[in-house]
Amino acid sequence: DAGVIQSPRHEVTEMGQEVTLRCKPISGHNSLFWYRQTMMRGLELLIYFNNNVPIDDSGMPEDRFSAKMPNASFSTLKIQPSEPRDSAVYFCASSFGFGRGDQPQHFGDGTRLSIL
Amino acid sequence: LAKTTQPISMDSYEGQEVNITCSHNNIATNDYITWYQQFPSQGPRFIIQGYKTKVTNEVASLFIPADRKSSTLSLPRVSLSDTAVYYCLVGDIGAFDNAGKSTFGDGTTLTVKP
């Protein structure tokens, strides 16, 4: 049974470049979450979708960040232009339900992003 | 999302039982309590979830007192491979109190020694 699949696992790019992170949630899950993890700020929830619709993006740090979910099996998180302070591990998670806390989230292995 | 307080770190030895307590004084009536485990270079992994009393699965037990203002994750007979960060979450993860709020908190770093 495949879990949440994220790609790429590692990304190194120069400041100013566009970065696109990809996520395939677990089949049948209808909620999808994007997180960012750094030593300084821990694990932060950036945005979550329910039934492919963005429910709340108030965790997105700046307008340089955008996320889409064109269908139930695919989501992207884009940073344009990228900056060194965006360096972090980005996780995607999915779950059943509406993130009510009664359904556990299943996380991918993350994308380690380094902006030079 | 109810604020949670956990010890920053704990040490244990192989074969011992480890209990990690999480305080959540502002838990709401509909909130669930969920524990996750995270190893380096991996995403958090669901361990156990409960609403009240005691829940047990193949890896852990979760004890929740009647007032639900705290919960205790119990790991029986830990091994070196249980060394990880353990996070306690309460409530509706899909609801934001503040933009950019760290919903997972700092967690408890458990170090199991031989």
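Structure first, text after, so check above.
First, a word on what this report is: a plain description of the structure on this page. (Residues numbered from 1 in each chain as written. Chains lettered and ligands numbered in written order. Predicted model: local features only at pLDDT ≥ 70, side-chain atom pairs only at ≥ 80, totals over all residues. Heavy atoms only, no water.)

1. Quick word on the sheet that holds strand 1 (residues 5–7) of chain A
All names here are of chain A. The cut-off we apply is this: Note on pairing: two strands pair once DSSP finds at least 2 bridges between them. Secondary structure elements are defined from DSSP: runs of H or I of at least 4 residues count as helices, runs of E of at least 2 residues count as strands, and each element is numbered from the N terminus. Every axis corresponds to a line fitted to the C-alpha atoms, with the helix fit spanning only the stretch in contact, and the corresponding angles, defined between N-to-C directions, vary from 0 to 180 degrees.
Read across the open sheet, the four strands follow the order 1-3-8-7; overall the sheet is antiparallel. Of all strands in the sheet, those bounded by a partner on one side alone are strand 1 and strand 7 (65–71). Ignoring strand direction, the axes of neighbouring strands in this sheet form an average angle of 15°. With five bridges joining them, strand 7 and strand 8 (residues 74–79) adopt antiparallel strand pairing. Residue pairing across strands places S66 opposite K78, the latter belonging to strand 8.

2. Side note on the packing of aromatic side chains
For clarity, the threshold we go by: Any Phe, Tyr or Trp ring, taking Trp's six-membered ring, that has another such ring centre within 6.5 Å forms a pair; planes under 30 degrees apart are called stacked, those over 60 apart edge-to-face, and the others tilted. A 1.4 Å probe rolled over the protein chains alone gives each residue an accessible area, and that area as a share of the maximum for its type sets the label: buried under 20%, exposed over 50%, partly exposed in between. Sitting over a ring, as applied to charges here, requires NZ of Lys or CZ of Arg to be within 6 Å of the ring centre and within 35 degrees of the ring normal.
For the structure on display, the rule yields seven aromatic pairs over all chains. Between F33 of chain A and Y48 of chain A, the ring centres sit 5.7 Å apart and the planes meet at 25°, which makes this aromatic pair stacked. Taken together, the positions of F33 of chain A in strand 4 (residues 31–38) and Y48 of chain A in strand 5 (residues 42–50) put the pair 15 residues apart, joining distant regions of the chain. You'll find F33 of chain A and Y48 of chain A in the same group, each marked buried. Seen in terms of ring centroids, F107 of chain A and Y36 of chain B are 6.0 Å apart; in terms of plane orientation they differ by 80°. Their pairing is edge-to-face. You can see F107 of chain A sitting in strand 10 (residues 106–107) and its partner Y36 of chain B sitting in strand 3 (residues 33–38), one on each of two chains. Both residues of the pair, F107 of chain A and Y36 of chain B, belong to the buried class. Joined through ring pairs, the aromatic side chains of F33, Y35, Y48, F91 and F107 of chain A together with Y36 and F46 of chain B make up one cluster. The ring of Y51 of chain B has R68 of chain B lying over it, and the distance from NZ or CZ to the ring centre is 4.0 Å.

Everything listed here is a matter of geometry and, on its own, says nothing about what the molecule does.
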